[in-house]
Structures are given as structure tokens and as C-alpha cells.
Amino acid sequence: MRVINHVADFSSLGGVQSYIYGLCNKFPEKYYIYNSARKVLDIYKNKSIEYKNLFSFKFLFSRRKEIFILHNLILSKKWRVIHLLLRIKGCQVIYHEHGIAWSDPQKNKDRYKKRILKYKKIIVNSEATNYLLKNYYELDSHLKVLRSPIFIYEEIFENKKLIKKTFKKNNKEKLIIGYVGRLALHKNPFFLIELALELKEKYDEPIELHFVGSGPERNNLQNLCKEKNIDSIFWGRVKDRREALSKWQYCIVPSIREPLGLIPGEMALQNILTLSSKVDGLQELYPTECNYLLIDMKKDKNSCQSNIQFLPEYNDFGNNYYPDTSQCAEKIINLNNNADIYIKLMNKHKNFIKENFDISKHSEELRKIVFKS
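Along each chain, numbering runs from 1 in the same order as the chain's sequence is written. Note on the predicted model: pLDDT of at least 70 is required for a residue's local features to be given, and 80 or more for side-chain atom pairs to be given and counted; whole-chain, interface and lining totals, by contrast, use all residues. The side-chain numbers reported here are obtained from all heavy atoms of the structure, hydrogens and water having been left aside.

(A) Broad picture of the overall build of the chain. Per the convention used, a helix needs a DSSP run of H or I reaching at least four residues, while a strand needs a run of E reaching at least two, with both numbered from the N terminus. Looking only at helices and strands, the chain has 12 helices and 17 strands in total. We compute the radius of gyration over the C-alpha atoms and compare it with the globule rule, which gives 2.2 Å times the number of residues raised to the power 0.38. In terms of overall dimensions, the chain is globule-like: its C-alpha atoms have a radius of gyration of 21 Å, near the 21 Å expected for 373 residues. The dimensions of the chain, computed from C-alpha atoms along their principal axes, are 70 × 45 × 40 Å. Partly exposed describes any residue whose relative accessible area lies between the buried limit of under 20% and the exposed limit of over 50%, with all areas from a 1.4 Å probe on protein chains only and scaled to the type maximum. Across the 373 residues of the chain, 57% fall into the buried class. Working rule for contacts: check all heavy atoms of both residues, and any pair within 4.5 Å makes them a contact. Of the contacts made within the chain by residues no fewer than 6 positions apart, 73% connect residues no fewer than 24 positions apart. Each accessible area is a Shrake-Rupley estimate made with a 1.4 Å probe; only the visible protein chains count as cover when residues are assessed. Of the accessible surface of the chain, which amounts to about 18200 Å², a share of 47% is contributed by carbon and sulfur atoms. Averaging the positions of the 63 positive and the 42 negative side-chain charges in the chain gives two centres separated by 9 Å. Neither His nor the chain ends is counted toward charge; the positive residues are Lys and Arg and the negative residues Asp and Glu. Just so you know, the charge point we use is NZ for Lys, CZ for Arg, CG for Asp and CD for Glu.

(B) The arrangement of the pairing of strand E10 (residues 231-236) in detail. Paired strands, in this sense, are two strands between which DSSP finds at least two bridges. Two strands pair when backbone bridges link them, and strand E9 (residues 207-212) and E10 are joined in this way by five bridges, in the parallel orientation. For histidine 210, the partnering residue across the bridge sits in E10 and is isoleucine 233.

(C) The arrangement of empty space enclosed by the protein in detail. In this analysis, the protein atoms alone were mapped onto a 1 Å grid. Cavities are point sets where a 1.4 Å probe fits without being able to get out; pockets are open sets with protein on both sides within 12 Å along at least five of seven lines; lining residues have an atom within 4 Å of a point. Grid points are joined across faces, edges and corners, and a volume is the space filled by probe spheres set on the points. Counting across every chain of the model gives two cavities of 30 Å³ or more. Looking at the largest cavity, its volume works out to about 50 Å³. Along the walls of the largest cavity sit Lys278, Met297, Leu311, Pro312, Glu313, Tyr314 and Tyr321, which together make up its complete lining. Put simply, Ala, Val, Leu, Ile, Met, Phe, Trp, Tyr, Cys and Pro go in the nonpolar bin, Asp, Glu, Lys and Arg in the charged bin, and everything else, Gly too, in the polar bin. Residue composition of the lining of the largest cavity, by class: five nonpolar, no polar and two charged. Roughly 40 Å³ of internal volume is contained in the second largest cavity. Every residue lining the second largest cavity is listed: Ser18, Tyr19, Pro149, Ile150, Phe151, Tyr153, Leu262 and Glu266. Split by residue class, the lining of the second largest cavity holds six nonpolar, one polar and one charged.

(D) A look at the nonpolar core. Membership of the largest hydrophobic core comes to 48 residues, with the highest contact counts inside it found for Ile177 and Leu209. What isoleucine 177 contacts, discounting residues up to four positions off in sequence, is Leu192, Leu195, Leu199, Ile207, Glu208, Leu209, His210, Tyr250, Ile252 and Ile332. With 33 residues, the next largest nonpolar core counts Phe59, Phe68, Val93 and Leu132 among its residues. For our purposes a nonpolar core is just a set of buried Ala, Val, Leu, Ile, Met, Phe, Trp, Tyr and Cys residues, chained together by side-chain atoms within 4.5 Å.

(E) Spotlight on unusual backbone geometry. You will see that glutamate 138, though not glycine, has its phi angle at about 60°, which is positive. Locating glutamate 138 in the fold gives a position in the loop between helix H5 (127-135) and strand E7 (143-145). Although it is not a glycine, asparagine 188 adopts a positive phi angle of roughly 65°. Position of asparagine 188 relative to the elements: it lies in the loop between strand E8 (175-180) and helix H6 (190-203).

(F) Focus on the side chain of serine 255. Relative to the assigned elements, serine 255 resides in the loop between strand E11 (250-253) and helix H9 (263-269). In terms of polar contacts, serine 255 uses its side chain to reach the side chain of glutamate 258, at 2.7 Å. With near-sequence residues (within four places) excluded, serine 255 lies in contact with His186, Lys187, Asn188, Ser277, Val279, Leu282 and Met297. Whenever two N or O atoms come within 3.5 Å, that pair is a polar contact, provided that in protein one can donate a hydrogen and the other can accept it, and provided that, for residues adjacent in sequence, both atoms are side-chain atoms.

Quick look at the structure:
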């Protein structure tokens, strides 16, 4: 069986790493991981997965011409070395764009375009990214859309207990709302504090916020929660998220930009209803019957995140759009008062993810793309 090698940086967290981790754990005979960094984070270490070093003597002096998929390293300082190394060895290289193209494209446009044109095969993770590369970067190359599968990495642990859905029993019980992801500005975790204030002040709803993840904004978020008298728990970086998620009624994905985003799908599979920004590729994670779970984006002149965004509502680009806090709060209150609708949306979303983001189907499609002449 022909093997596909994946090259990524496993010294940091992210959806790219989770994707490759899941693929190589599920199909260890089909895929190998080459780590382009010095070390692998503990959260990604697993006895069944071998991380190969791209710059090892063993690889440098091997005679095999292999197939490599390069993930999101195109603007990295290491890119020149990686590109030269794989070219010298005569390897077939495919570029997989997960979202780096959205990172300050005004600044990086020329450099990104010059480098990506060196690849004959390019995979993009969403229709939104496909639109960006064709209409903003003006790429004429054939781009293949292949959305990342949704894989719950907790499934590899011995205890596979599913999260049971908990509902509020009375108005005095706290409504627990969670966030999973990097605590960084473009991921917009501060939105949850704004949402909590809206729910408390307008609807007299007791709130507790849970944040799972790490990042540069953690201290600012903790200080703001304390200042605004909002109950909160910061779980940090955890390998098994089930304890942290066990009491959530809602998860919020309030990103300013998100090329695709795996969190809404991961939460759906764990029976947690998730509302997300209606921006970039996040809409592609929901069936049309669940459009209610998408938060409209409003123009915000005061926003400091002046980066390009794809707005599905207009089928065009914009900037300085921000998820509508009041609308999100109103939707949560409506769902709290309509348990049947809550359960219906949760089940529809979960079934959609299972059907359209299956990792086995993704593996088959990926291999068709790679080995098609």
C-alpha cells in the first residue's frame, strides 16, 4: 500500500495538528507524520503514532522518492529549506491550505502567491478558502476542496463515555456557556464576556463561562471576568476535554475569521449545541436546517481586527465585521424556552457532521486526489 507523508509543526496546537493526528491514528498503515519542529507537544503524543523528523539523517540520506502533503507552512521561515529538501530528493509535494492564506493577506499576498504557484496540486479546506485563493490571490490553478474530517481525539482513550446533555432545571440554575480554542484576538473569546453581560443585564440570566485552551489573551480574559463579576473557569490546555465540557449547555465559536473550524463539529458529536459566527467557512459546518445557529455579522467601525473576511450572506469579502452579541443572546433565550427545538437542532447538526465529515470517507477522497495522475 502506498503511503502519504504529512509535514506539519507539532510544537503548537491547532486544527491542522488535530486533523493529521486523527488521520494517522485511524490509518497508521496509510499515513505518516513528519514533524518540522524540534519537539512534539505532550497533547499529541501517542504510543500508536510515530513522529518522524523531517531533518533527520535517516530521511536526508534515504533513496526513496515519496509523496508529501505540506500543511500550512508556506509562510514559515522553514519553508525555503523544506521546499529545497523535498525538491532535491525528487518527492512529489502537494500543498494543503488550511487557513494561513487568511492571515494578513494584504501583507503576505505577493510572497504567498509566489510560493503556492510552485505546487501542481493544491487542496483547500473550504469553499470560502477556495473563493479567497481564486478571487483575492487570483490563482488559476486547479484547487480541490476537501474539508477536514471531524475527529474526536478523546475516542482513542480507553474510557469512551459520551457526554450526557444537561438542561437547566430552573431559572436560578447557572447557564454554562463554553469556548474551546486558542485564546487569541482573531478567535474572539472576549465575545463570551459581552454575551454573558447581555444575558445577565437584559434577561436576568445567571451565567458561568468556561474557557478550554491557552493563548496570549488568557490573563486579559481572566481579569475582565473578575472586573465584570462574571463567574468563570479557565481549564487551560487539556488532553481529555470531557470533564470540562460535561456541564455545558452551549458552546460559542465567535471567530472574527475562521477558514473552516472543527470545533462546531466536534461539539455536535459530543451533544453540545454550538452557535458560530456566520463568517468564512463556518457556515459549511452546518446544514441549512441549522442556520438558526449561525450568528449574523455586523459592521463594527471600532473593531481592531481589520483583516479580510468572507461573508457568505453577501458572497463577497469585507472587514471589521463582528458577530451580533444581542442576536446571539436572544437566540440562546429562545432555545432555553423551547427544549424541543434545542434537541431537534442538536440532532440535525450531529447527523450532518456524521454524514458529511466522516474520517474514513475523507481518507478515501484524499487518496483519490493524491494518486490521480
